[in-house]
Amino acid sequence: MAIPLNTFKTTTAVVPEGPITGDSDIIYTVPSGITAIILMAQVANIDSDEHTVTFSHYDRETALSSELVKNFPVLPNDAVGLVTGKLIVEETNRVRASASPGSGSNMKLTLSYLESLNG
């Protein structure tokens, strides 16, 4: 079966609470031969307490992690957008997220993106 040229996708995940060990904070890894455009990233705090979130892009080639937001507060029963524009994520790179200790399973992330086949 042929790989489609462009595919819109959504990934949802419970944001793991820190401290992070290993790769448990990986939300999405771009497949080989694909470039992704992150169209929207939103985290919802479904708890009655405030928690923080860190959202970052990880470049596997340079081993550089770039935080887009770090320890960003999310009010109780509220949601925040984590990107203000579009984010290009190259093949095999990763999108990572973590929440403050004690957040449990109360921080939920929705990630919408377009995967495009590299020519």
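Described in the following lines is the structure provided in the data block. Computed from a prediction, not measured in an experiment: that's the story for all the values here. (Residues numbered from 1 in each chain as written. Predicted model: local features only at pLDDT ≥ 70, side-chain atom pairs only at ≥ 80, totals over all residues. Heavy atoms only, no water.)

### Regarding the side chain of Asp59
Phase 1: Structurally, Asp59 can be placed in strand 4 (residues 51-59).
Phase 2: Buried and without a salt bridge, Asp59 has Arg60 as its closest oppositely charged side chain, separated by 8.0 Å.
Phase 3: Within the structure, Asp59 has its side chain in polar contact with the backbone nitrogen of Thr62 (distance 3.4 Å). (Helix = DSSP H or I, 4+ residues; strand = E, 2+ residues; numbered from the N terminus. Buried < 20%, exposed > 50% of the residue type's maximum accessible area, 1.4 Å probe, protein only. Lys, Arg positive; Asp, Glu negative; His and termini not counted. Salt bridge = Lys/Arg side-chain N within 4 Å of Asp/Glu carboxyl O. Polar contact = N/O pair within 3.5 Å; in protein donor to acceptor, adjacent residues only side chain to side chain.)

### Here we look at the pattern of salt bridges
Phase 1: With the rule as written, the count across this model stands at four salt bridges.
Phase 2: Among the salt bridges present, the one from Lys9 reaches Glu115, with a minimum N-O distance of 3.1 Å. One end of the pair, Lys9, is in strand 1 (residues 6-14); the other, Glu115, is in strand 9 (residues 107-117), and 106 residues separate them in sequence.
Phase 3: Residue classification places Lys9 among the partly exposed residues on the basis of a relative accessible area of 36%.
Phase 4: You can call Glu115 buried: its relative accessible area is 8%.
Phase 5: Here the salt bridges share partners, and the residues they tie into one network are Asp23, Asp25, Arg94 and Arg96.

### Focus on the side chain of Thr54
Phase 1: Along the polypeptide, Thr54 turns up in strand 4.
Phase 2: In this view, Thr54 contacts Glu67, Val69, Lys70, Asn71, Arg96, Ala97 and Ser98; residues no more than four positions away in its chain are not counted. (Contact = heavy atoms within 4.5 Å.)

### Concerning the environment of Val14
Phase 1: For Val14, the position within the fold is in strand 1.
Phase 2: Separated by 11 residues in the primary sequence, Val14 and Asp25 place their C-alpha atoms 9.9 Å from one another.
Phase 3: Residues within four places of Val14 in sequence aside, it is in contact with Gly104, Ser105, Met107 and Lys108.

### Describing the sheet that holds strand 5 (residues 64-74)
Phase 1: Taken in spatial order, the four strands line up as 2-8-4-5 in an open sheet, and their pairing is antiparallel. Taken across any chain shown, the strands that pair with only one partner, and hence form the sheet edges, are strand 2 (26-29) and strand 5. Within this sheet the neighbouring strands show an average axis-to-axis angle of 15°, counted without direction.
Phase 2: The sheet contact formed by strand 4 and strand 8 (residues 94-99) spans six bridges and is antiparallel. Counterpart to Tyr58 in the pairing with strand 8 is Arg94. (Pairing = 2+ DSSP bridges. Axes fitted to C-alpha atoms, helices over the stretch in contact; angles between N-to-C directions.)

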